Amino acid sequence: MFFGFTALQSFIIIILVFIVVYWILPKNLSWISFLVLVLMLSHLAFNVEPNESDDLYRYFDTLNFLRNGGKEAWDTCIENKWNSWHIYRVCGWYFYFISKLSNNHYLPAITIFIVYGLMFMVINNISKRYDASKVDTFIGSMFFISTYWYYDTVSGIRNGLAFAVVFSCAYYHLMVRKHIPLCIIGYVLACFTHSAAIMPVVLIALAILTLNNSGKYINFLLIFGIIGGGIGIQFLASAFPGNEFLQSIAGKAETNGLGDSLYTDTLYLTNVVTVVLVAFIVFYYSYYILRSDLSKEIRLFYKFCSIIIFFVIGSLYSELIFMRFARWIIPIIGALFIIIGRKTQEDVSQEKGADFMKYFAPFTVRIRYQTKTVFSLIIVAYIIIHFWYLCAGSSLNWIHF
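Conventions we followed
- Residues numbered from 1 in each chain as written.
- Predicted model: local features only at pLDDT ≥ 70, side-chain atom pairs only at ≥ 80, totals over all residues.
- Heavy atoms only, no water.
- Helix = DSSP H or I, 4+ residues; strand = E, 2+ residues; numbered from the N terminus.
- Buried < 20%, exposed > 50% of the residue type's maximum accessible area, 1.4 Å probe, protein only.
- Contact = heavy atoms within 4.5 Å.
- Areas by Shrake-Rupley, 256 points an atom, 1.4 Å probe, with all protein chains shown as cover.
- Axes fitted to C-alpha atoms, helices over the stretch in contact; angles between N-to-C directions.
- Parallel < 35°, antiparallel > 145°, perpendicular 65-115°, else oblique.
- Left-handed = near helix turned anticlockwise from the far one by under 90°.
- Nonpolar A, V, L, I, M, F, W, Y, C, P; charged D, E, K, R; others polar.
- pLDDT = per-residue confidence, 0-100.
- Polar contact = N/O pair within 3.5 Å; in protein donor to acceptor, adjacent residues only side chain to side chain.
- Lys, Arg positive; Asp, Glu negative; His and termini not counted.
- Salt bridge = Lys/Arg side-chain N within 4 Å of Asp/Glu carboxyl O.
- Phe/Tyr/Trp six-rings, centres within 6.5 Å; stacked < 30°, edge-to-face > 60°.
- Expected span 1.5 Å × (residues − 1).
- Bend = angle between axes of the 7 residues up to and from the residue.

**Describing the overall build of the protein**
Move 1: Scanning the protein from terminus to terminus reveals 20 helices and zero strands.
Move 2: The buried share of the protein, taken over its 401 residues, is 53%.
Move 3: Counting contacts in the protein only where the partners sit at least 6 residues apart, residues at least 24 apart contribute 78% of the total.
Move 4: Of the roughly 18200 Å² of accessible surface on the protein, 66% is carried by carbon and sulfur atoms.

Structure representation (structure tokens):
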């Protein structure tokens, strides 16, 4: 099916095919290249064989159990509280319906189709919304591709799926301001797919409630929010001992609490560098984005993304929480703000004129203008370096047929 190439080589070829198709098609048909990429990545996921250490390996056994036992097997899972499906029913139903298909490999294939489909739907929408150039959209797309953890999504299923649903709903809720009832339904479905989805939903609510408040105090508190949040969850769990949902979240909060020291392995530090770069991207382009004609519609979404960034910084000593956000939300935030930022920077520069931007603009604005080429080169260099790392040192090296 892949002409004798390894799974890793196939992944690289798929990205190269996407690049070729993207640049062949006119701007108004760029969505076709995204669709082609999503379909190819889904096909690759269908052919992947899980390692024994992967969650997917256990999930295949679960699918076999459900397929052989039918509804009675599902009822057994609920009664015995397997996989906590008595709480996270959406996840259970997801597995149950996929077990009706003929092949277990539909699980990772469908998951990748949903996850990457939602992310590129958001990228395509933001590109059209801001009338971004093909170059800007391409750079943003490649940033997402190179920093998003494909194999972790294939092997883990639930985290990537839950985060993709929450973020895409947040985008349409906060930025596009359309289909809000569907977005709220999406939040609920995600929270009952995996407990990890609850925190970004809480941060969405925080962004809405604090939109008109100064961000610096909120962001400062978010850095220490892991401790306070853990204490709060434990208090609610003790106050409502009969609520299994709260008990589950409390258990997760205790398990994923703060560690004694910062992790220093390469996998972890690579994510730290990505978070720092995305934080700088958002800060660097904030002047242009928040002063553009579209600032009203992006203000709430910008607030949400900045809250996410400060929360992730605050979770540095909580490996599991940090890794989830760094691998499944930070890449798409970076991609979107590259696309929006480069476009609005160009628009503001043209509106104000080169002389104003060089000599009369505020100092921080002059620095941004004078370093725009260097900053773009840094982003492109990081895309190349991280893509190399993705293929040479990340979990993608575990992928095989």
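More follows now that the structure is in view.
**Some remarks on unusual backbone geometry**
Move 1: One non-glycine residue with positive phi stands out, namely Asp131, at about 50 degrees.
Move 2: Of note, Asp131 is situated in the loop between helix H5 (106-129) and helix H6 (134-147).
Move 3: Looking at Asp131, the relative accessible area reads 48%, which means it is partly exposed.
Move 4: Despite not being glycine, His179 shows a phi value in the positive range, around 55 degrees.

**Quick look at the packing of H5 against H6**
Move 1: For the pair H5 and H6, interaxial distance at closest approach is 11 Å and the crossing angle is 160 degrees. With respect to each other, H5 and H6 are oriented roughly antiparallel. The interaxial crossing formed by H5 with H6 has right-handed handedness. Residues Tyr116, Met119, Phe120, Ile123 and Ser127 of H5 lie in contact with H6, whose contacting residues are Thr137, Ser141, Phe144 and Ile145.
Move 2: Its residues assigned to classes, the contact of H5 with H6 shows six nonpolar, three polar and no charged.

**Quick look at the confidence of the model for the protein**
Move 1: Of the residues in the protein, 86% have a pLDDT of 70 or more, and the chain-wide mean is 86.
Move 2: For the stretch residues 228-237, pLDDT sits under 50, and the model shows 10 contacts to residues farther than four places along the chain or on other chains.
Move 3: Here residues 243-257 is modelled with pLDDT under 50, and outside its nearest four sequence neighbours on either side it reaches 33 contacts, counting other chains as well.

**Examining the side chain of Asp136**
Move 1: Position of Asp136 relative to the elements: it lies in helix H6.
Move 2: On the basis of relative accessibility, which here comes to 3%, the residue Asp136 falls in the buried class.
Move 3: At 2.6 Å, the side chain of Asp136 and the side chain of Arg342 are in polar contact.
Move 4: Once residues lying within four places of it in the same chain are set aside, the contact partners of Asp136 are Ile339, Arg342 and Lys343.

**Re the environment of Trp149**
Move 1: Relative to the elements of secondary structure, Trp149 occurs in the loop between H6 and helix H7 (150-156).
Move 2: When its relative accessible area of 2% is taken as the criterion, Trp149 is described as buried.
Move 3: Distance from Trp149 to Ser394, taken between C-alpha atoms, is 8.4 Å for residues 245 residues apart in sequence.
Move 4: Sequence-distant contacts of Trp149, defined by excluding residues within four places in its chain, comprise Leu267, Asn271, Arg327, Trp328, His386, Tyr389, Ser394 and Ser395.

**Remarks on the side chain of Arg368**
Move 1: As for its position among the elements, Arg368 is in helix H19 (residues 363-370).
Move 2: In this structure, Arg368 is buried with no salt-bridge partner, the nearest side chain bearing the opposite charge being Glu351 at 15 Å.
Move 3: Sequence-distant contacts of Arg368, defined by excluding residues within four places in its chain, comprise Phe283, Tyr284, Ser286, Tyr287, Tyr288 and Gln345.

**Thoughts on the packing of helix H2 (residues 30-47) against H5**
Move 1: In the contact formed by H2 and H5, the axes pass within 8 Å of each other and the chain directions differ by 160 degrees. Relative to H5, the element H2 lies roughly antiparallel. Every pair of crossing elements has a handedness; the one defined by H2 and H5 is right-handed. Residues Trp31, Phe34, Leu37, Val38, Leu39, Leu41, Ser42, Ala45 and Phe46 of H2 lie in contact with H5, whose contacting residues are Tyr106, Pro108, Ala109, Ile112, Phe113, Tyr116, Gly117, Phe120, Ile123 and Asn124.
Move 2: Residues belonging to the contact of H2 with H5 are distributed by class as follows: 16 nonpolar, three polar and no charged.

**Topic: the packing of aromatic side chains**
Aromatic rings considered in pairs are described by the distance between their centres and by the relative angle of their planes.
Move 1: One pass over the structure, following the stated rule, counts 46 aromatic pairs.
Move 2: Their ring planes at 15 degrees and their centres at 6.4 Å tell us that Phe163 and Trp328 sit as a pair that is stacked. Here Trp328 lies in helix H16 (residues 319-328) and Phe163 lies in helix H8 (residues 158-176), a separation of 165 residues in the sequence.
Move 3: In this structure Trp328 comes out as buried when scored by relative accessible area, which is 7%.
Move 4: Seen from their ring centres, Tyr284 and Tyr285 are 5.1 Å apart, and the 85 degrees between their planes marks the pair as edge-to-face. Neither residue differs from the other here; Tyr284 and Tyr285 are each classed as buried.

**Topic: helix H3 (residues 55-79)**
Move 1: If you check H3, its first and last C-alpha atoms are just 22 Å apart, much less than what 25 residues at 1.5 Å a residue would give, namely 36 Å.
Move 2: Within H3, the axis deviates most sharply at Gly70, by approximately 125 degrees.
Move 3: Taken residue by residue, H3 has Leu56, Tyr59, Phe60, Thr62, Leu63, Leu66, Gly70, Ala73, Trp74, Cys77 and Ile78 as its buried positions.
Move 4: Where H3 is buried, its residues contact helix H4 (89-99), H5, H7 and H8.
Move 5: Phi for Lys81, located one or two positions after H3, is positive at around 60 degrees.

**Considering helix H10 (residues 198-209)**
Move 1: An ideal rise of 1.5 Å per residue puts 16 Å on 12 residues; H10 measures up with 17 Å between its terminal C-alpha atoms.
Move 2: Along H10, the positions that sit buried rather than exposed are Ile198, Pro200, Val201, Leu203, Ile204 and Ala207.

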